[in-house]
Amino acid sequence: MDFLSKKLYIFVSILGNCFRTDHMTHKEISKLLNGRIIIGEGSESTNYQYAFASDLMSDVLTVDSENLILITGLANLQAVRTAEMSDISCIIIVRGKKASEEMIQLAAESKITLIECNYTMFRTCGLLYQAGIKPLY
Amino acid sequence: MQLEFKVMGGDFANAGYASSEIKKVLKQINIDPKIIKKVVVALYEAEVNICAHAYAGKVSVEITPEKISVEVSDKGPGIPDIELAMQEGFSTASPAVREMGFGAGMGLPNIKKNTDFLDIQSTVGKGTTLKFINYLT
C-alpha cells in the first residue's frame, strides 16, 4: 500500500466511524437492510445495541442480554416463541423468508417487531456490524 | 398460587403456550424480570422436550413468596442415561425437531443453567419427570 492509499484508507476509516452508532431503532434497522416492518411499525422505539444471529433456537435460548436483535432464517412460530421467552423484542427474518399469519399474530400479542429482509444472514450481520451494532461475544 | 397446563407430544404449534401464560402471570404479580426470564426459558425448554420426545405431558407451577416450583412430567420413552442427556450437544431429536430450530442437545443443560435446583427422574418406556425451583429471595 503506497503512502496516498494509506492516507485514503485512514480517512475512509475515520469517516466510516463517524457514521457508526452504538444503538439503532427498528425503523433505522429496516431502512439500512432495505427491509419491511411486518408488525411493530408504530411500537415504542427501543434502542438496540446487540444482535445474535442463528437458525438454531436452542442457541438463542442460551443467550442473556437486553436490547437484543435476533437475526434468523427460521420463519416459524418457534422463532417468535423463543424471542418471547428470551425477552427479545425485534426479529429480522433474512433470506427473503416470509412471516406466517400465526407468527404475525403471536408477535403482535408479545409486542415483538418483525422485519423481513431479502439479504443473506451474512450480509445482514455485516451491515448491522458496520453500523455499530455489537456482537454478544 | 398453582397453575397447571397440558402439553401434547408433537404439537409444535402450541409448544410454549404454557410458558407464555405463566410468564404473563409472573409479570402480573411483579416477579423480578431476571427471575421470570430464567423460569420461562427453563420451562419452554421442558415444553419443547415434551413436544419433541413424548406422547403427552403436564406442567404444574407453584408460586409462593419464597420460590417458584415447577414440575414437568410426561408419558414417553424416558431417558436411558440421564448423565449423558445432561451433556451439552448430546441429542436424540428427530430431523423434524431440528427443522423447528431445536434438537441441538442444549435443552437439559440450559434448564440446569437457569434454575437453582433441578431433579430428573425417568423410567425407560414410561416417562420422565423434571422438578426445578427458582428462589425469589
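Residues numbered from 1 in each chain as written. Chains lettered and ligands numbered in written order. Predicted model: local features only at pLDDT ≥ 70, side-chain atom pairs only at ≥ 80, totals over all residues. Heavy atoms only, no water.

K.L.:
Looking at this structure, I do not really get the sheet that holds strand 5 (residues 127-135) of chain B. What am I missing?
P.N.:
Note: strands within a sheet are paired through backbone hydrogen bonds, in either parallel or antiparallel orientation. All names here are of chain B. The strand order 1-2-3-5-4 describes an open sheet built from five strands, whose pairing is antiparallel. Both outer strands of the open sheet, strand 1 (2-8) and strand 4 (117-123), are each paired with one neighbouring strand and no more. Each strand axis lies, on average, 10° off the axis of its neighbour in the sheet, ignoring direction. Note that strand 2 (residues 56-63) and strand 3 (residues 67-75) share eight bridges and pair antiparallel. Following the sheet pairing, V61 is matched in strand 3 by V70. Packing against the sheet, helix 1 (residues 17-28) makes contact with strand 1, strand 2 and strand 3, and its axis sits at approximately 160° to strand 1. (Pairing = 2+ DSSP bridges. Helix = DSSP H or I, 4+ residues; strand = E, 2+ residues; numbered from the N terminus. Axes fitted to C-alpha atoms, helices over the stretch in contact; angles between N-to-C directions. Contact = heavy atoms within 4.5 Å.)

K.L.:
I tried to follow the side chain of A:T25 on my own but got confused; where do I start?
P.N.:
Within the secondary structure layout, A:T25 lies in the loop between helix 1 (3-18) and helix 2 (26-32). Those residues in contact with A:T25, other than ones at most four positions away along the chain, are A:S45, A:T46, A:N47 and A:Y48.

K.L.:
When you look at the pairing of strand 5 of chain B in this model, what are you seeing that I'm missing?
P.N.:
Looking along a regular strand, one sees side chains alternate from face to face of the sheet. Residues and elements named next belong to chain B. Pairing between strand 3 and strand 5: nine bridges, direction antiparallel. Residue pairing across strands places D74 opposite T128, the latter belonging to strand 5. In this sheet, strand 5 lies alongside strand 4 in antiparallel orientation, the contact comprising seven bridges. Paired with I120 across the strands is L130, a residue of strand 5.

K.L.:
What am I meant to see in the layout of surface pockets here?
P.N.:
Where empty space is left can be seen by rolling a probe of water-molecule size over the atoms. In this model, the largest pocket occupies a volume close to 1100 Å³. Lining the largest pocket are 38 residues, with A:E84, A:D87, A:I88, B:K23 and B:K27 positioned closest to its centre. A class-by-class count of the residues in the lining of the largest pocket yields twelve nonpolar, ten polar and 16 charged. Together, 33 residues line the second largest pocket, and B:N49, B:H53, B:I79, B:T92 and B:L108 are the ones closest to its centre. Residue assignment for the lining of the second largest pocket shows that the elements contributing at least two residues are helix 2 (33-53), strand 3, helix 3 (82-85), helix 5 (107-113) and strand 5 of chain B. The element that contributes the greatest number of residues to the lining of the second largest pocket is helix 2 of chain B, accounting for seven residues. Of the residues assigned to the lining of the second largest pocket, the class counts are 20 nonpolar, ten polar and three charged. (1 Å grid on protein atoms, 1.4 Å probe; cavity = no way out; pocket = protein on both sides within 12 Å on 5 of 7 lines; lining within 4 Å. Points joined across faces, edges and corners; volume = space filled by probe spheres on them. Nonpolar A, V, L, I, M, F, W, Y, C, P; charged D, E, K, R; others polar.)

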